[in-house]
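# Architecture at a glance
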Amino acid sequence: MSLPEISIKRPVFATVVLAAMILMGIINYGKMNVDEMPDTSLPYVSVSITYEGAQPDPVDALVTQKVEEAVGEARGVKHIESTSREGEAEINVEFNFGVNPAEAAQEVRDKISAIRGELPDTVKEPVISRFDMNAQPVVSLAITSDTASLREISIFVDDVRKPRLQKISGVGQVTISGRQEREIQLLLDQEKLNTFGLAPAEVASQLRLVNQDVPAGKLKTDSQQLSVRTAGNFTAVQQFDTAIVATRDNTPIYFWQVGEVRDTIKDITSTARYDGHPAIGIAIGKQSGGNAVKVATAVKQELEQLKGELPAGMELQLVRDDAARVSESIAEVWFDLIIGSIFAVAIVFWFLGDWRSTVISALAIPASIASTFLFMKLAGFSINSMSLLGLSLSVGLLIDDAIVVIENIIRHRQMGKDAKQAAVDGTKEIALAVMATTFTVAAVFLPVGFMSGVDGQMFKEFGLSIAFAVLVSLFVSFTLTPMMAALYLPVGEPAMPRFLQRPWAYWQAGLARVTDWYGKTLAYLLQDFRGRVLGTASGLFLLSLCLFPLLGSTFMPTTDQAQFTAKVQAASDATAEAMDKQSAKLTQVLQQIPEVRHVYATTANREHNLFVQLVPKKERDRSQKEIIAEVRQRFNGIPGVRADFVESDDKPLAISVTGPSQAELVPLADAVQQELEKVQGVQDIASTYHAGLPNLNLALRDDRASDLGISSSSIGTTLQTLLSGTTVGKFGDKDERVDIRLRLSADGRSRTEMLRQVYVPSDRQVAGRAMLVPLSQVASWQYTTSASDVRRYDRQKEIRLTANVDGNSMGEANEAFFAQLENMEIPAGYKVGQAGASNDMDDSFANMTMALGLAVAFIFMILAAQFESYSEPFAIMFSLPLALIGALAGLFLAGSEISLVSLIGIMMLMGLVTKNAILLIDFAKQRMRQGQDCQAALVEAGCIRLRPILMTSLVIVFGMLPIALGLGPGAEARAPMAHAIIGGVITSTLLTLVVVPTVYELIHGRRSA
């Protein structure tokens, strides 16, 4: 007994099975994670190492390269990126898919521990974390106050906010901008040091001795045990003044005699402003592989609890909220899905002219979607834009099978059969064709679901969600649809409002005339014009290929997210205070633009980072790109300011210049940048190399230094203590532990002449003490400039150029640039290549080409099995190039580019367009088995199947119309897929009705000959 017969004879059983699937789907929907996109992040492990006072080159040579060499031996390492800047090294290790992030982090930790002794002694303990340093934060906060100082806000953040945020599951890096940390500074006077004959190292050593608790052990009596310690830690700041730092001629020298004590803050390295007001910023990132929305939601819940703990006068501003943005995007996809479903149901109602048959068909949509969530949950999927987009695009497919079944049942009822018999016979007659069409669509997305790389991860949930949905819809069309048709589908006058009956009658009469005309035209063409039909179709296909060069290509379409980032490089010698003033001016310029809602500006590492939040897309007339163009124009009008704009995570164009030597790399990168500037449409070119960092290099006079017993180590230690300062202990104030930093006074650190007053301790002794030698006798110095940072990629020095593209596609810009690069001479050992999105695009297009080939192969196998023939499937597959005609035309007319999204749309077409051809050829074969000749069978099949073919095609087109319009947030990323599908469905439907019967008749004629 077939599935339709079981459902008709046992309707309660069928209803209960479907109700269980729907109920389980709804329950599991509430348990699924919500995210903007499927998780495509690779396992990242980031290593941060502080080397205070060191310039970028020594950091690179002494720290970064050694760490890279060690972690490069870890299993599964894909890429290593590093940045060495003043006093800091950052190494980002990217692992292959499938590597466990926790195991990767532990292996990196073990590799670094093995070489810890090879790193400089003054290097702080490496910080190893599981997050991507280059990733955008999921939540950003700013705390402002009109009454509290930044120091008071910093205390609140350090003591209350940061610890509680770090405890949240999934939270990775918590970065605080503008923080002011307390520090006890012991400021030395160089002249007084010289007067007493003291070296900074001697003072530092003595201060460490006098300010410490020393455990002495245990004292036991008959009745108790006591811990004994020497309580040497200072309890008041004033105690440092009376600390003895040395003795001369049996006379103690107190610290107040050579310096002064200040309870102050550390040197400011970063600042933050929110809408121009000074602020403390908190950027919260997620762990590698974490769920952005889940982390953002948990953070916001924690913030709600913390709001009541805000001290009076402080205000908390939510700067960036990925959860809200993702929720808007998900809601927009749901809106498209619902509107598309309404359009689809309206089309079905207009064709069938009966609300009962429409309801029976339409029930397939909610039943299939709800049930699909069960299988999505079992597969470990999340609710995201791609999985919901798959369901939204499949709305037409979900009702498609039910339409074909119900339309065929109605036809059998009109033959005079009773309801149950018509339901059984109608479903059986169309069953093989419906199964073939559904399996074809599912087979198309199997290769997509198992693609490798980032694109494979991104579209796995999209493709398999569609496959799950259409397979569920097939089950619904074989159970719910025939069962309800047998019970509730009488045949007679159309059940529709009276005011629609006359228009509908005219529509039916018109459709009948079109059907009659189509049958006569098809018979005429099959008789005498088969060659011209094929020639015309081939000509249109070749003509459509000419659109390829006009479309352009990109990796992913840029979306209007109502937010962007402007980066401005500050002068190489700019202080934190000067940068903060410039940041306020840049914020003021941005606030003059009416569409700008908020500006969050941070400064660090000599760079301004301005996060601009716009009013929602629906509330403004200008696009995000137009607003950025105005900002660019205003910023470029400010002397010394050149802005770099990022609309999403990164800019579309990236060129990597790598090689062994930084000295050779810089002129090569400059030459490459000049070539890139010549490419049409390229703008906002930015380089990771920033020259002009002023240095004062000291060169040791080896002969004099050797004679006087002076080493470069003693010079470096002395100057590091005087300038950067050295930590000589901790000061305990209640629960607070504050660094104690010994350094030269601010006045001394502001003059280069102070170097002539510096004395360096020698290895030789005079009167029992180290001899002090003037620095000027053993060293010379000169002014130089160097890069502000040194970057490396896969253990080669790298300078990366990034750019935006306007008025040209990313693919065209890349092609034009590398064509120009062929005329440029590149030194041996150096390489210029694509990076970032450009590299991802090439890999993705290659993967998609392979997946497309597999999809076509699967389609052929299913059709060959369906028709038990190796030749007849070619007639149906002839509809594939016919779909490409409309797909390219649709992209061209809509102004869309060839992208990963539009290629997925073209792949989806491969499954959609074969449905009509299968319905037509399957019916013709049934008639031929009953004794009709081929041409007559094809004509009758065309006439009878014209209504369901037009109905299903229009359902697909109107179901995707909301997506194609691209009105909501993030819609630009989805629209190209709908553009390709709508165009392809239109042309393939019209041409399939003529071309497929022609090709089939030729194949059948040759087989019969």
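Residues numbered from 1 in each chain as written. Predicted model: local features only at pLDDT ≥ 70, side-chain atom pairs only at ≥ 80, totals over all residues. Heavy atoms only, no water.

## So, the nonpolar core
A general tendency of soluble globular proteins is for nonpolar side chains to be buried together. Residues Phe462, Val672 and Ile981 are the most contacted members of the largest nonpolar core, which totals 194 residues. Tallying contributions element by element places helix H30 (residues 900-929) first for this core, with 19 residues. Excluding anything up to four places from it in sequence, isoleucine 981 contacts Leu393, Gly905, Met908, Leu909, Leu912, Ile956 and Met960. Leu188, Leu742, Val773 and Ala779 belong to the second-largest nonpolar core, a separate cluster that totals 37 residues. (Core = buried A, V, L, I, M, F, W, Y, C linked by side-chain atoms within 4.5 Å. Buried < 20%, exposed > 50% of the residue type's maximum accessible area, 1.4 Å probe, protein only. Helix = DSSP H or I, 4+ residues; strand = E, 2+ residues; numbered from the N terminus. Contact = heavy atoms within 4.5 Å.)

## A closer look at the pattern of salt bridges
Applying the stated criterion to the full structure yields 34 salt bridges. Between arginine 85 and glutamate 88 there is a salt bridge, with its nearest N and O atoms 3.8 Å apart. Given the relative accessible area of 12%, arginine 85 is considered buried. Each of the salt bridges in this network shares a partner with another, and the network as a whole consists of Asp60, Glu68, Arg792 and Lys797. (Salt bridge = Lys/Arg side-chain N within 4 Å of Asp/Glu carboxyl O.)

## Some points on the pairing of strand E11 (residues 251-254)
Relative to E11, strand E10 (residues 244-248) runs antiparallel, the two being bridged by 4 bridges. Looking across to E11, one finds that arginine 248 is bridged to threonine 251. Joining the antiparallel neighbours E10 and E11 is a turn of 2 residues, in which aspartate 249 adopts a positive phi near 55°. (Pairing = 2+ DSSP bridges.)

## Side note on the pairing of strand E17 (residues 563-569)
Taken across its 7 residues, E17 has 5 buried, putting it largely inside the fold. The pairing of E17 with strand E19 (residues 607-614) spans 7 bridges and is antiparallel. Bridge pairing in E19 links valine 568 to histidine 608.

## Some thoughts on the packing of aromatic side chains
Scanning the entire structure with this criterion turns up 15 aromatic pairs. A centroid spacing of 6.2 Å and a plane angle of 50° characterise the contact between tryptophan 334 and phenylalanine 373, whose relative ring orientation is tilted. Here tryptophan 334 is found in helix H9 (residues 322-352), whereas its partner phenylalanine 373 is found in helix H11 (residues 364-378), with 39 residues between them in sequence. Judged by its relative accessible area of 23%, tryptophan 334 falls in the partly exposed class. Taking 6.1 Å as the distance between ring centres and 55° as the angle between the ring planes, the aromatic pair formed by phenylalanine 564 and phenylalanine 645 counts as tilted. You can see phenylalanine 564 sitting in strand E17 and its partner phenylalanine 645 sitting in strand E20 (residues 643-646), a full 81 residues away along the chain. Each of the two residues, phenylalanine 564 as well as phenylalanine 645, counts as buried. Members of the aromatic cluster, connected to one another through ring pairs, are Tyr29, Trp334 and Phe373. Above the ring of phenylalanine 13, the side-chain terminus of arginine 10 is found at 5.0 Å from the ring centroid. (Phe/Tyr/Trp six-rings, centres within 6.5 Å; stacked < 30°, edge-to-face > 60°. Lys NZ or Arg CZ within 6 Å of the ring centre and 35° of its normal.)

## A word on the sheet that holds strand E13 (residues 270-274)
Sheet architecture is open: 6 strands sit in the order E14-E13-E18-E19-E17-E20, paired in antiparallel fashion. Pairing within the sheet leaves two strands with one partner each, and these edge strands are strand E14 (277-278) and E20. Sheet analysis places E17 next to E20, joined by 4 bridges and oriented antiparallel. Paired with valine 568 across the bridge in E20 is alanine 643. Its contacts with the sheet place helix H20 (residues 624-636) against E17, E19 and E20, and it is angled at close to 20° to E17. (Axes fitted to C-alpha atoms, helices over the stretch in contact; angles between N-to-C directions.)

## Re the side chain of serine 869
In this fold, serine 869 is placed in the loop between helix H27 (836-867) and helix H28 (873-877). Serine 869 sits in the buried class, given a relative accessible area of 7%. Reaching out from serine 869, the side chain makes a polar contact with the backbone nitrogen of serine 871 at a distance of 3.2 Å. (Polar contact = N/O pair within 3.5 Å; in protein donor to acceptor, adjacent residues only side chain to side chain.)

## Some points on the domain arrangement of the protein
Accessible area lost upon the coming together of the parts is a frequently used measure of interface size. Along its sequence, the protein is carved into domain 1 (1-31 + 353-490), domain 2 (42-131), domain 3 (183-214 + 230-265 + 709-772), domain 4 (500-550 + 869-1008) and domain 5 (563-589 + 604-646). For domain 4 versus domain 5, the distance between C-alpha centres works out to 50 Å. (Domains from an automatic or database assignment.)

## Quick notes on helix H21 (residues 662-677)
For H21, with 16 residues, the first-to-last C-alpha span of 22 Å sits near the 22 Å given by 1.5 Å per residue. Turning to H21, its buried residues number three or more, namely Gln662, Leu665, Val666, Leu668, Ala669, Val672, Gln673, Glu675 and Leu676. Its buried side turned inward, H21 meets strand E21 (653-659), strand E22 (682-687), strand E29 (789-793), strand E30 (796-805), helix H26 (810-821) and strand E31 (831-834). The opening residue of H21, the one whose side-chain oxygen lies 3.3 Å from the backbone nitrogen of alanine 663, is serine 661. (Expected span 1.5 Å × (residues − 1).)

## A word on helix H5 (residues 150-166)
Within H5, the axis deviates most sharply at valine 157, by approximately 45°. Residues Arg151, Ile153, Ser154, Phe156, Val157, Arg161, Lys162 and Leu165 constitute the buried set of H5. (Bend = angle between axes of the 7 residues up to and from the residue.)

## Concerning the state of the cysteines
Applying the stated rule across the entire model yields 0 disulfides. With no disulfide of its own, cysteine 934 has cysteine 943 as its nearest cysteine by sulfur position, at a separation of 15 Å. Residue cysteine 934 is classed as buried on the basis of its relative accessible area, which comes to 9%. (Disulfide = S-S within 2.5 Å.)

## Here's the deal with the packing of H9 against helix H13 (residues 395-413)
Contact geometry for H9 and H13: axes closest at 10 Å, N-to-C directions at 15°. It follows that H9 is roughly parallel to H13 by the angle criterion. Here H9 runs over H13; the crossing is right-handed. Judged by residue contacts, Leu337, Gly340, Ser341, Ala344, Val345, Val348 and Leu352 of H9 engage Val395, Ile399, Ile403, Ile406 and Ile410 from H13. Within the contact of H9 with H13, the residues separate by chemical class into 10 nonpolar, 2 polar and no charged. (Parallel < 35°, antiparallel > 145°, perpendicular 65-115°, else oblique. Left-handed = near helix turned anticlockwise from the far one by under 90°. Nonpolar A, V, L, I, M, F, W, Y, C, P; charged D, E, K, R; others polar.)

## Here's the deal with the environment of leucine 318
Tracing the backbone shows leucine 318 in strand E16 (residues 314-321). Between the C-alpha atom of leucine 318 and that of isoleucine 282, which follows or precedes it by 36 residues, the distance is 9.8 Å. Setting aside anything within four residues of it in sequence, one finds leucine 318 in contact with Val139, Ser140, Leu141, Lys300 and Leu303.

## A few points about the environment of proline 482
By the element assignment, proline 482 lies in helix H15 (residues 453-488). Residue classification places proline 482 among the buried positions, given a relative accessible area of 0%. Counting along the chain gives 200 residues from proline 482 to valine 682, while the straight-line C-alpha distance between them is 59 Å. Ignoring sequence-local partners within four residues, the contact set of proline 482 consists of Pro4, Ile8, Ile409, Ala423, Thr427 and Ser477.

## Some words on the sheet that holds strand E24 (residues 726-733)
On the basis of which strands lie adjacent, the open sheet formed by 4 strands has the order E12-E7-E25-E24 and mixed pairing. Edge positions in the sheet fall to strand E12 (259-265) and E24, since each of these pairs with one other strand and no more. Ignoring which end each strand starts from, the neighbouring axes of this sheet average 25° apart. Across the sheet, helix H7 (residues 200-210) touches strand E7 (182-188), E24 and strand E25 (736-744), and the angle it forms with E24 is around 30°. The sheet strands contacting helix H23 (residues 712-722) are E7, E24 and E25, and the helix crosses E25 at an angle near 115°.

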